[in-house]
Amino acid sequence: MQSTITLTITTGKLSGKQYIFDSRTTCLIGRNDDCYLSIPDEFDKRVSRYHCLLDINPPEIRIRDLGSLNGTYINNTKIGGRQSHQNAEEAGKLNFPEYDLQDGDHITLGDTVLKIAIEIKQPINEPPDIKTPKIVKPPEVKAKTKLFDVIQKLIKLAIGGKRNLKALLNYQIIKSIGKGGFGEVYLAQHSQTGKFVALKVMLPAVAGDDKCVQMFLREIKNMKALKHPNVAELLDYGYAENLFFLVMEYYEGGNVLDLMQQLGGKLPVDIALGIILQVLDGLTYTHNAEIPYVKLANGSFGKGKGLVHRDLKPSNIFLSNINGKLTAKIGDYGLAKSFDLAGLSGQTFTKMVGGTPGFIPRQQVLKFKESKPDVDVWASAACLYNMLTGDFPRNFTSDPFKDVLENDPVPILQRNGNIPKKLAEVIDLALIEKPQIYFDSAEKFKNALILN
C-alpha cells in the first residue's frame, strides 16, 4: 500500500494551499523564501525565518521546532520556541524534541494553521521487470545470534543452490572489517578464484513492505550499472531473510579518513589534491552515466541519466594501489541515503542530517529529495577542505541541522594559513552556496583546481 500525507493551510493568508507528499522527504517551514513551505513576512509576521521542520515518511510524520520566536503548536499545545530574552543564535544551541503527528492534527505557526491528512492508496505501477525475490527461510535463528552466523547460514543455502542467494555463492567470510548503523562489512574470499571482496550486509531497522524493498533494490541496481576507474564497483547483490547483502570491491588501502588519521589528522596538499581530482573524475562520470531505473515525469520507470551520491565524505572515498599509483574510488554510492529514503533505516531525518553535517550543503537540507549533482560538488570541496585542515568548513554548535542552514563556511586560510593562496581561493569559491552552489558541475571545479 502507498500512503500520502497532505498538508492543507486552513487559516491565514495562504488558506487553501495544499502540499502532498508520497515518499520520504523533509519539509522546512518558515518565512525565508528558500523554505519548502514559505510563509512570507507580509503574510504572517509571527513566523520565524526557519520555524519548524517536518520529517515525512508516509504514513509517518513528525515535527520539531527550530528555536522559533513564537513557538509551534500542535492541537493548541506548545511544543517549542525560545524564550523572549534569547536571540536566534542562542536558540540555535537548544535542542527541541520531535513529536509524532496523526491524521487530523493541526499545526499552528503564528496566525497560520495547517491540517494533517494521512491517506492510504493502492500501489501504482512498479517497474515490471524488478521483482522482490522470494525470501528463503533458513533454519530458525535465535534473537541473540550474531549477524555473522546468519550470513554463514545464508552462504550454505547459496551453495545448496538457492537462486536468490547466488550473490553469496562460493564466498568464505574471513573477518568483520567495519560496523555501521544498519549492518556490518566483512572481508570475504571467493573459494575458487581467491579474490577478496567486501561483503556489506544491511539489516533494516524497521520491517519494510514490498514498496520499500522495491525502492531500495532499484537504487542498488542503478549503483551496479556504474563502471568507472574512480568509482568502487558493486559486483553483485541480493535480498533474503530481511537482509540486503552487497558484494563489493575490496580496497586494501582503506579510506581517506584512515589515511588522515595515520598522517596526524590532515594530508599534504599534493596528496589531497591528487585524491580529489580523481573523485571529481568519478563524479563527472556518475552525474552523466546512463542508469537503468529513474522515475519519469509520467510516474513510470525507465532509463535515465545521472546519479547523485548525497553522502560524499572522506570515509566514503576508498584508496587502492594500482600499478604503483594511489587510486581514489568513490564508494557506497548514496547507499545509506537510499536506504533511508526507502524508509528502512528507522532514523529520523534530523538524526540522519546530524550524522555527517560537515559535508552537506544547505541545498541538500532544504530540498533533500530534489538534490542535484551540485551538492556532490560542494561535498567534494568540503572533503578537500577537511583533508587540508582536519576541520569542517562550518562551525557547529549543538543543532547541526540549523547550523547547516545558517552558518557560512569559514575561509580555509583561517583554518590553515599554509595552504597556497590560489588554491584556497578556489576552495572558498566552491563552498559558496548562497543563493546557489558556485560550481554546478564536477568538471568545472576540477578545471578551476588545475588552472590555479
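Up top you'll find the structure we're talking about.
Let us look at the structure shown here.

## Overview of the packing of helix α5 (residues 269-286) against helix α9 (residues 373-389)
Two numbers describe how α5 lies on α9: the axes approach to 10 Å, and their chain directions differ by 165°. What the angle tells us is that α5 and α9 run roughly antiparallel. Judged by the twist between their axes, the crossing of α5 over α9 is right-handed. The segment α5 lies against α9, with V269, A272, L273, I275, I276, L280 and L283 engaging D376, S380, C383, L384, M387 and L388.

## Side note on helix α12 (residues 421-430)
Along α12, the positions that sit buried rather than exposed are L423, A424, V426, I427 and A430. Mapping the buried residues of α12 onto a view down its axis gives an arc of 160°, with all of them on the same face. Pointing more than 90 degrees away from the buried face of α12 are the exposed residues K421 and K422.

## A word on the side chain of T327
Following the sequence through the fold, T327 ends up in strand β20 (residues 325-330). For T327, the residues in contact, after removing those within four places along its chain, are P229, N230, Q278, F318, L319, S320 and I322.

## Some thoughts on the sheet that holds strand β12 (residues 171-179)
Here we have 5 strands laid out as an open sheet, ordered β12-β13-β14-β16-β15, and antiparallel in their pairing. Only two strands of the sheet have a single neighbouring strand rather than two, namely β12 and β15 (234-240). Within this sheet the neighbouring strands show an average axis-to-axis angle of 25°, counted without direction. Sitting on the sheet, helix α3 (residues 210-224) touches β14 (196-202), β15 and β16 (243-249), and the angle it makes with β15 is about 165°.

## Here's the deal with the state of the cysteines
Applying the stated criterion across every chain, the model contains 0 disulfides. Free cysteine: C35, not disulfide-bonded; nearest cysteine sulfur from C27 at 8.7 Å. Judged by relative accessible area, C35 falls into the buried class, the value being 4%.

## What to know about the packing of aromatic side chains
The geometry of two aromatic rings is summed up by the distance between their centres and the angle between their planes. Enumeration according to the criterion identifies 11 aromatic pairs in this entry. Ring geometry for F359 versus F392: centroids 5.4 Å apart, planes at 85°, classification edge-to-face. Here the residue F359 occupies a position in the loop between α7 (349-355) and α8 (362-366), and F392 occupies one in the loop between α9 and α10 (400-406), the gap between them amounting to 33 residues. Look at F359 and you get buried, because its relative accessible area is 9%. The interplanar angle of 85° and the centroid separation of 6.0 Å between the aromatic rings of F392 and F396 together place this pair among those described as edge-to-face.

## Brief notes about a nonpolar patch on the surface
On the surface, I174, I177, F196 and Y250 cluster together into a nonpolar patch covering about 330 Å² of accessible area. With respect to the helices, strands and loops of the structure, I177 is situated in strand β12. Residue class for I177 comes out partly exposed when judged on its relative accessible area of 37%.

## Let's talk about the pairing of strand β3 (residues 25-30)
Of all the 6 residues making up β3, 6 are buried; the element is thus mostly covered by neighbouring parts of the structure. Burial of the side chains of β3 extends over both faces: T25, C27 and I29 are buried on one face and T26, L28 and G30 on the other. Judged from the 5 bridges that link them, β3 and strand β5 (residues 52-57) form a sheet pairing that is antiparallel. Bridging across to β5, I29 finds its partner in C52. Note that β3 and strand β4 (residues 37-38) share 2 bridges and pair parallel. Looking at the pairing, G30 lines up with S38 of β4.

## Some thoughts on the environment of Y73
You can see Y73 is positioned in strand β7 (residues 73-74). Residue Y73 is classed as partly exposed on the basis of its relative accessible area, which comes to 26%. Put simply, Y73 and V113 are 40 residues apart on the chain and 9.3 Å apart in space, counted from C-alpha to C-alpha. Residues in contact with Y73, not counting those within four places in the same chain, are K78, H106, I107 and T108.

About the thresholds
Residues numbered from 1 in each chain as written. Predicted model: local features only at pLDDT ≥ 70, side-chain atom pairs only at ≥ 80, totals over all residues. Heavy atoms only, no water. Axes fitted to C-alpha atoms, helices over the stretch in contact; angles between N-to-C directions. Helix = DSSP H or I, 4+ residues; strand = E, 2+ residues; numbered from the N terminus. Parallel < 35°, antiparallel > 145°, perpendicular 65-115°, else oblique. Left-handed = near helix turned anticlockwise from the far one by under 90°. Contact = heavy atoms within 4.5 Å. Buried < 20%, exposed > 50% of the residue type's maximum accessible area, 1.4 Å probe, protein only. Arc of directions from axis to C-beta. Pairing = 2+ DSSP bridges. Disulfide = S-S within 2.5 Å. Phe/Tyr/Trp six-rings, centres within 6.5 Å; stacked < 30°, edge-to-face > 60°. Patch = residues over 30% accessible without salt bridge, like charges linked within 9 Å, V, L, I, M, F, W, Y side chains within 5 Å. Areas by Shrake-Rupley, 256 points an atom, 1.4 Å probe, with all protein chains shown as cover. Salt bridge = Lys/Arg side-chain N within 4 Å of Asp/Glu carboxyl O.

By themselves, these are just geometric observations and shouldn't be taken as functional.
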